[in-house]
Amino acid sequence: MTDKFMDVWDIRSFDNDLVRLLTKNGKTIQKYFETAHRQLFEREASDHRGVPQSNPYEPAYYGLLETLEPMMAARVIRAWHYTRLTDTEVAYLVQNGPALSDIEGIRRRLDRLVTEKILVHEDADRLFSDSIFRHSAQHEIRSGRFWATAHPISIEDGDVMPLLEHWGGESIYFCQENPRLLDLLRVVGLPRVVELSLPLAATDRAWHAGEAVISTFAQSVGCNTRLGAFDVCARRHLGSASILAIHSAEGAVFGSIGHDYPPTLAGIGKITWAE
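Bear in mind the structure is a predicted one, so any value in this text is a computation, not a measurement. (Residues numbered from 1 in each chain as written. Predicted model: local features only at pLDDT ≥ 70, side-chain atom pairs only at ≥ 80, totals over all residues. Heavy atoms only, no water.)

1. A short note on helix 1 (residues 16-24)
Line of reasoning, step 1. For helix 1, the complete set of buried residues consists of Leu 18, Leu 21 and Leu 22. One side of helix 1 holds all its buried residues, which, seen down the axis, span an arc of 95°. Residues Asn 16, Arg 20 and Lys 24 are exposed on helix 1 and point more than 90 degrees away from its buried face.
Line of reasoning, step 2. For helix 1, the capping residue at the N-terminal end is Asp 15, with a side-chain oxygen 3.2 Å from the backbone nitrogen of Asp 17. (Buried < 20%, exposed > 50% of the residue type's maximum accessible area, 1.4 Å probe, protein only. Helix = DSSP H or I, 4+ residues; strand = E, 2+ residues; numbered from the N terminus. Arc of directions from axis to C-beta. Polar contact = N/O pair within 3.5 Å; in protein donor to acceptor, adjacent residues only side chain to side chain.)

2. Describing the nonpolar core
Line of reasoning, step 1. Core analysis: the largest hydrophobic core is formed by 55 residues, its most contacted members being Val 8, Leu 68, Met 72, Tyr 82 and Ile 214.
Line of reasoning, step 2. Residue contributions to this core peak at seven residues, all from helix 11 (residues 206-220).
Line of reasoning, step 3. Leave out the neighbours within four places in its chain, and Met 72 touches Met 6, Leu 18, Leu 200, Ala 206, Ala 209, Gly 210 and Val 213.
Line of reasoning, step 4. If you look at the next biggest cluster of nonpolar residues, it comprises 18 residues, including Leu 110, Trp 167, Ile 172 and Tyr 173. (Core = buried A, V, L, I, M, F, W, Y, C linked by side-chain atoms within 4.5 Å. Contact = heavy atoms within 4.5 Å.)

3. What about unusual backbone geometry?
Line of reasoning, step 1. Going from Tyr 261 to Pro 262, the amide bond is cis rather than trans, its omega being 0°.
Line of reasoning, step 2. Mapped onto the secondary structure, Pro 262 falls in the loop between strand 7 (243-248) and strand 8 (271-273).
Line of reasoning, step 3. Of note, the phi angle at Lys 117 is positive, near 60°, even though the residue is not glycine.
Line of reasoning, step 4. Within the secondary structure layout, Lys 117 lies in the loop between helix 5 (103-115) and helix 6 (121-129).
Line of reasoning, step 5. Lys 117 sits in the exposed class, given a relative accessible area of 74%.

4. A few points about the pattern of salt bridges
Where side chains of opposite charge bring their charged atoms close, a pairing between them can arise.
Line of reasoning, step 1. What the rule picks out here adds up to 15 salt bridges.
Line of reasoning, step 2. Put simply, Arg 78 and Asp 7 hold a salt bridge, and the shortest N to O gap is 2.8 Å. Residue Arg 78 is found in strand 2 (residues 76-85), and its partner Asp 7 is found in the loop between strand 1 (5-6) and helix 1; the two are separated by 71 residues along the sequence. You'll find Arg 78 and Asp 7 in the same group, each marked buried.
Line of reasoning, step 3. The partner of Arg 107 in a salt bridge is Asp 111, with the nearest N and O atoms 3.1 Å apart. A residue pair is termed a helical-turn pair when its members lie 3 or 4 positions apart in one helix, as Arg 107 and Asp 111 do in helix 5 at four residues.
Line of reasoning, step 4. According to the relative accessible area criterion, Asp 111 is partly exposed, its value standing at 34%. (Salt bridge = Lys/Arg side-chain N within 4 Å of Asp/Glu carboxyl O.)

Here you go:
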């Protein structure tokens, strides 16, 4: 395992072992994406009857993914967490690292806002009782996770804007229907993007990371594919050393994330969400 982080969207950050494997399978990768691209256009031009053509390079492609999965699980990627935080929360994050989501943590965060006289008790209690974590099904699928994206996404992207606009993230705002409380959440803290190093061993996304690095390699050799962004979640505490930077709305970098920042985005194909 290497402690140096890589960007799944930038082949220049890939280590030598990874580049060697991708290069060794370069013909298969190229043929797979070229065939997939041609078949897509043929299908669109057809009457859409019958079973779509199979890609003869698909077995080799998925065989490569199976080889890549344990390799990616031993690597560290750069990830991006979109949120809204107070200055006190930023200081806590720097000192302690990202916290995994749970209902107790939500209660502590709300109580801290009351202590700092940012919220009154009644509003904090209402926000807590309305939290999406109070719904049993959501509690099970959201607890013990810290979510981020493996690609730098523009702050204007509709998928991350609500996270930047509302304090507390989906845990707090998602089920909230009271207009006054929603307005309160929009003025607590500031929009922030947390840039961090994330060991894929702490996640269940090594397969997705493998798909991303293959796509990145394919684009580097001229294939018509795209760099599809994917979410990634840590399921264990990462620690303060994982924090690379915290970009705040008033900072010079914030508005350029996903465009000119990080600088290695120069020359990289457009990053879009995978469908």
